[in-house]
Amino acid sequence: SRCINHYRKLKKFIKSSPIKPDVLVYIQAARNLVLSDLEVNEKESFSLINLLSSFSVDDNSVVWIGPRASIGHNRKEVAQMCESEYYKKEFKQKLRKSVKAGILADKEFKKIAKQDTKIKYLSQINLLEQNDSNLNFITDCNDLYWSNKDHLSGYGEKYFSNKFVN
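In short, a report on the structure. Keep in mind the model is a prediction, meaning the values are calculated, not measured.

Quick word on the overall build of the chain
Scanning the chain for helices and strands turns up six helices and three strands. Each helix and strand of the chain, placed in order from N terminus to C terminus, yields the pattern α-β-α-β-α-α-β-α-α. When its C-alpha atoms are laid out on the principal axes, the chain stretches across 55 × 30 × 25 Å. By the burial criterion, 40% of the 166 residues in the chain qualify as buried. Long-range pairs, those at least 24 residues apart, make up 67% of the contacts in the chain between residues at least 6 apart in sequence. Counting every atom, the chain has about 10,200 Å² of accessible surface; 50% of that belongs to carbon and sulfur.

With respect to the nonpolar core
Core analysis: the biggest nonpolar cluster contains 20 residues, and L48, L52, W64 and F109 have the highest contact counts within it. Counting only elements with at least two residues in this core, the list comes to helix 1 (2-16), strand 1 (24-27), helix 2 (42-55), strand 2 (62-65), helix 4 (85-114) and strand 3 (119-122). Ranked by residues supplied to this core, first place goes to helix 2 with five residues. Leaving out residues up to four positions away in the same chain, L52 has contacts with L24, Y26, V62, W64 and I119. Counting 17 residues, the second-largest nonpolar core is a separate cluster that includes M81, F137, L144 and F160.

Considering the packing of aromatic side chains
For the structure shown, the criterion picks out seven aromatic pairs. Relative to Y87, the ring of Y86 lies with its centre 5.4 Å away and its plane at 70 degrees, an arrangement referred to as edge-to-face. Of the residues examined, Y86 reaches a relative accessible area of 57% and is grouped as exposed. The class of Y87 is partly exposed, set by a relative accessible area of 32%. The interplanar angle of 80 degrees and the centroid separation of 6.3 Å between the aromatic rings of F137 and W146 together place this pair among those described as edge-to-face. In this structure W146 comes out as buried when scored by relative accessible area, which is 1%.

With respect to the sheet that holds strand 2
If you walk across this open sheet you meet the three strands as 1-2-3, and the pairing is parallel. Two strands bound the open sheet, and with one partner strand each, they are strand 1 and strand 3. Pairs of neighbouring strands in the sheet enclose a mean axial angle of 25 degrees, with direction left out of account.

How each quantity is defined
Residues numbered from 1 in each chain as written. Predicted model: local features only at pLDDT ≥ 70, side-chain atom pairs only at ≥ 80, totals over all residues. Heavy atoms only, no water. Helix = DSSP H or I, 4+ residues; strand = E, 2+ residues; numbered from the N terminus. Buried < 20%, exposed > 50% of the residue type's maximum accessible area, 1.4 Å probe, protein only. Contact = heavy atoms within 4.5 Å. Areas by Shrake-Rupley, 256 points an atom, 1.4 Å probe, with all protein chains shown as cover. Core = buried A, V, L, I, M, F, W, Y, C linked by side-chain atoms within 4.5 Å. Phe/Tyr/Trp six-rings, centres within 6.5 Å; stacked < 30°, edge-to-face > 60°. Pairing = 2+ DSSP bridges. Axes fitted to C-alpha atoms, helices over the stretch in contact; angles between N-to-C directions.

Here you go:
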């Protein structure tokens, strides 16, 4: 599969590097680990665990930062939500569906990661405090924290950066 080819390239890159990392921090988009019906692709997830485990020397020498939940909205929809109560209701319905799917996938990834004690799993959903009713992780209606449905904007990187460091 596409992911396995990427894993091989990553492994080759790290093995060929003259500097060996003390800690490897890994992050991957959920779209590669989730099937079209929003179920976790266990085959890809276990392939990832096997890859990460192969880099692990000591407990917690590999940190897997789990994927974020998609906000399910584009910039225009976020702007409309800030301008109108009508759009806000519609926005929240779509957000709930998207974030709930992300939360369910995150729980599955945690279970899969626990099968290897050398890998520490950090939930981005928990770090970013994503839930299906909190609009504050998307925007304060002055700045948009997402550049699209899945990626943080420059404002978002600045806004959330301290959560990753702490």
